[in-house]
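What follows is each chain in one-letter form.
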Amino acid sequence: MYAIVKVGGKQYRVEKGDTLLVDRMREDEGAKLTLEPLLFADGDKSVFEGADLQKVKVEAVVAGHERGKKVRVVKFKPKRGYKLTRGHRSELTRLEVSDIKMLSRKPAAKKSESKETEDGS
């Protein structure tokens, strides 16, 4: 059983118990997140469309914040005395996927959203 989730504009293939490095997120260590699923596959059954995809729940826990490997960029032009070195380290967040499950029904809408729709009609 696995799922394809979207985090920070990128897509990742995750299974239960996996850890993944994503671009820095604002959540604190130990915070629980619900990731946005794009596809869910369980053996012979796969879900990738609207109504059924809303029933899929992918939960993750922020394991920590890290910095990536240092990347050096060197520019050099021979016979001109031009040398330029720059570098950076990416700010990353490590997520640990705690659960992937298919719910039997759609999750209930939040109360604040349902009141707004009633007032707007």
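Colleague: Is there a simple way to think about the packing of aromatic side chains in this case?
Modeller: How two aromatic rings sit relative to each other is set out by the distance from centre to centre and by the angle between their planes. What the rule picks out here adds up to zero aromatic pairs. Over the ring of Y2 we find R13; its NZ or CZ atom is 3.9 Å from the centre of that ring. When the ring centre of Y82 is taken as reference, the NZ or CZ atom of K77 above it lies at 5.3 Å.

Colleague: Can you help me understand a positive patch on the surface in this one?
Modeller: The grouping of K75, K77, K79, R80 and R86 at the surface amounts to a positive patch. When you line up the elements, K79 lands in the loop between β7 (71-77) and β8 (82-88).

Colleague: Help me understand the side chain of T93 in this model?
Modeller: With respect to the helices and strands, the residue T93 is situated in strand β9 (residues 91-102). The buried category is assigned to T93, whose relative accessible area is 0%. For T93, the side chain forms a polar contact with the main-chain nitrogen of M25, separated by 2.9 Å. Once residues lying within four places of it in the same chain are set aside, the contact partners of T93 are L20, L21, V22, D23, R24, M25, V62, G64 and H65.

Colleague: Mind showing me how you'd approach the pattern of salt bridges here?
Modeller: Opposite charge on two side chains lets them pair, provided their charged atoms get close. Applying the stated criterion across every chain, the model contains eight salt bridges. The closest approach of N and O atoms between E91 and R24, which form a salt bridge, is 2.7 Å. One end of the pair, E91, is in strand β9; the other, R24, is in the loop between β3 (19-23) and β4 (32-42), and 67 residues separate them in sequence. Under the relative-accessibility criterion, E91 is labelled partly exposed at 35%. With a shortest N-O distance of 2.7 Å, E66 and R94 are connected by a salt bridge. Within this pair, whereas E66 is found in strand β6 (residues 56-67), its partner R94 is found in strand β9, the two being separated by 28 residues in sequence. Taking relative accessible area as the criterion, R94 reaches 25% and is therefore assigned partly exposed. Through salt bridges with shared partners, a single network forms among R24, R67 and E91.

Colleague: What should I look at first to understand the nonpolar core in this one?
Modeller: Nonpolar side chains tend to gather and get buried jointly when the protein is soluble and globular. In this structure, V14, L35, V58 and L95 are the most contacted members of the largest nonpolar core, which totals 19 residues. By residue number, the principal contributor to this core is β6, which donates four residues. When sequence neighbours within four positions are dropped, the list of residues in contact with V58 reads A3, V5, V14, L33, T34, L35, P37, V97, D99 and I100.

About the thresholds
- Residues numbered from 1 in each chain as written.
- Predicted model: local features only at pLDDT ≥ 70, side-chain atom pairs only at ≥ 80, totals over all residues.
- Heavy atoms only, no water.
- Phe/Tyr/Trp six-rings, centres within 6.5 Å; stacked < 30°, edge-to-face > 60°.
- Lys NZ or Arg CZ within 6 Å of the ring centre and 35° of its normal.
- Patch = residues over 30% accessible without salt bridge, like charges linked within 9 Å, V, L, I, M, F, W, Y side chains within 5 Å.
- Areas by Shrake-Rupley, 256 points an atom, 1.4 Å probe, with all protein chains shown as cover.
- Salt bridge = Lys/Arg side-chain N within 4 Å of Asp/Glu carboxyl O.
- Lys, Arg positive; Asp, Glu negative; His and termini not counted.
- Charge placed at Lys NZ, Arg CZ, Asp CG, Glu CD.
- Helix = DSSP H or I, 4+ residues; strand = E, 2+ residues; numbered from the N terminus.
- Buried < 20%, exposed > 50% of the residue type's maximum accessible area, 1.4 Å probe, protein only.
- Polar contact = N/O pair within 3.5 Å; in protein donor to acceptor, adjacent residues only side chain to side chain.
- Contact = heavy atoms within 4.5 Å.
- Core = buried A, V, L, I, M, F, W, Y, C linked by side-chain atoms within 4.5 Å.

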